Amino acid sequence: MKLVIAVIQDKDSGKLLENLVDEGFKTTKLASTGGFLKSGNTTVLIGVEDHQTSEVVEIIKKVCKSREKMVTTMSPIGGSVESYVPYPVEVVVGGATIFVIDVDQFERV
Ligand code: 2BA
């Protein structure tokens, strides 16, 4: 058995869960926060049989889109660390960051 862990954008979460449930997969949705942007994203856990892994990954690839996000960062003026000016930077956030890990034991009690 495998556990697919997918970090996705909030905007894609509803459609992804709908697609996975329609195909009979059991899912758990967690609210998460990206370490770089420090903004909310969604982590989805999907426990599957080994042979179902590629189907799940394909569904994630089909639904989750990469998007550009503007981030405001602070830059020191003239090298002075006392005065900072905010300026926008564009970051491409991927459609999904996917981890597939082996499950040693699975029980539902
Ligand atoms: P964040 O950490 O908020 O990162 C958002 C986006 O910012 C990243 O998109 C990437 O384009 C950029 N970014 C991240 N760290 C950077 C850095 N040190 N320098 C420059 N740009 C940086 P993605 O790579 O598509 O990642 C989207 C989200 O997936 C991440 O949100 C994080 O929550 C998760 N993630 C990505 N890689 C991960 C990993 N190796 N382990 C755990 N979570 C990961």
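One structure accompanies this document, and this report is about it. Values in this document were obtained by computation on a predicted structure and should not be read as measured data.

## Considering the overall build of the protein
At step 1: When helices and strands are tallied, the protein shows two helices and six strands.
At step 2: Its helices and strands in sequence order give the protein the pattern β-α-β-β-α-β-β-β, from N to C terminus.
At step 3: Here the C-alpha radius of gyration of the protein, 18 Å, is well above what a compact globule of 109 residues would show, namely 13 Å.
At step 4: The 109 residues of the protein split such that 28% are buried.

## A look at the site of the ligand
At step 1: The environment of the ligand is made up of Val7, Gly34, Gly35, Phe36, Leu37, Asn41, Val91, Val92, Val93, Gly94, Thr97 and Phe99.
At step 2: One of the backbone N or O atoms of Leu37 is found 2.8 Å from an oxygen atom in the ligand.
At step 3: Contacts to the ligand include Val92, whose backbone N or O atom sits 2.7 Å from an oxygen atom.
At step 4: Protein burial of the ligand: of its 750 Å² of free accessible surface, 50% is covered by the chains.
At step 5: Secondary-structure elements contributing two or more residues to the shell around the ligand are strand S5 (84–93) and strand S6 (96–102).
At step 6: With three residues, S5 is the single largest residue contributor to the shell around the ligand.
At step 7: Class assignment for the residues of the shell around the ligand results in seven nonpolar, five polar and no charged.

## Structural notes on the sheet that holds strand S2 (residues 27–33)
At step 1: On the basis of which strands lie adjacent, the open sheet formed by four strands has the order S2-S3-S1-S6 and antiparallel pairing. In the strand order of this sheet, the two ends are held by S2 and S6, each with one partner. Between one strand axis and the next, the sheet turns through 20 degrees on average, direction left out of account.
At step 2: One ladder, built from seven bridges, connects S2 with strand S3 (residues 40–48); its direction is antiparallel.

## A closer look at the environment of Gly34
At step 1: As for its placement among the helices and strands, Gly34 is situated in the loop between S2 and S3.
At step 2: In this structure, the C-alpha to C-alpha distance between Gly34 and Gln9, residues 25 residues apart in sequence, is 9.9 Å.
At step 3: Those residues in contact with Gly34, other than ones at most four positions away along the chain, are Ser39 and Asn41.

## With respect to the environment of Gln9
At step 1: Within the secondary structure layout, Gln9 lies in the loop between strand S1 (2–8) and helix H1 (10–22).
At step 2: A relative accessible area of 6% places Gln9 in the buried class.
At step 3: Linking Gln9 and Cys64, residues 55 residues apart in sequence, is a C-alpha distance of 7.6 Å.
At step 4: Among residues more than four places away in sequence, those in contact with Gln9 are Lys65, Ser66, Arg67, Lys69, Val93, Gly94 and Gly95.

Thresholds applied
- Sequence order sets the numbering: in each chain, residues are counted from 1 along the sequence as written.
- Under the rules for a predicted model, residues below a pLDDT of 70 receive no local features and side-chain atom pairs below 80 are neither given nor counted, while totals for whole chains, interfaces and linings still include all residues.
- As a convention, hydrogens and water are excluded, and side-chain values are obtained from all of the structure's heavy atoms.
- What counts as a helix is a DSSP run of H or I of at least four residues, what counts as a strand is a run of E of at least two, and both are numbered from the N terminus.
- Here the globule rule reads 2.2 Å times residues to the power 0.38, and the radius of gyration is calculated from C-alpha atoms.
- Partly exposed describes any residue whose relative accessible area lies between the buried limit of under 20% and the exposed limit of over 50%, with all areas from a 1.4 Å probe on protein chains only and scaled to the type maximum.
- When we say a residue is near a molecule or strand, we mean one of its heavy atoms is within 4 Å of it.
- Two N or O atoms count as a polar contact when they lie within 3.5 Å, although within protein this holds only if one can serve as hydrogen donor and the other as acceptor, and sequence-adjacent residues are included solely when both atoms are side-chain atoms.
- The Shrake-Rupley method, run with a 1.4 Å probe sphere, supplies the accessible areas, and residue values consider only the shown protein chains as cover.
- Residues are grouped as follows: Ala, Val, Leu, Ile, Met, Phe, Trp, Tyr, Cys and Pro are nonpolar; Asp, Glu, Lys and Arg are charged; all remaining types, including Gly, are polar.
- Note on pairing: two strands pair once DSSP finds at least 2 bridges between them.
- To obtain each axis, a line is fitted to C-alpha atoms, and for helices this fit is confined to the stretch in contact; angles are then taken between N-to-C directions over 0 to 180 degrees.
- The contact criterion used throughout is that any non-hydrogen atoms of two residues lie within 4.5 Å.

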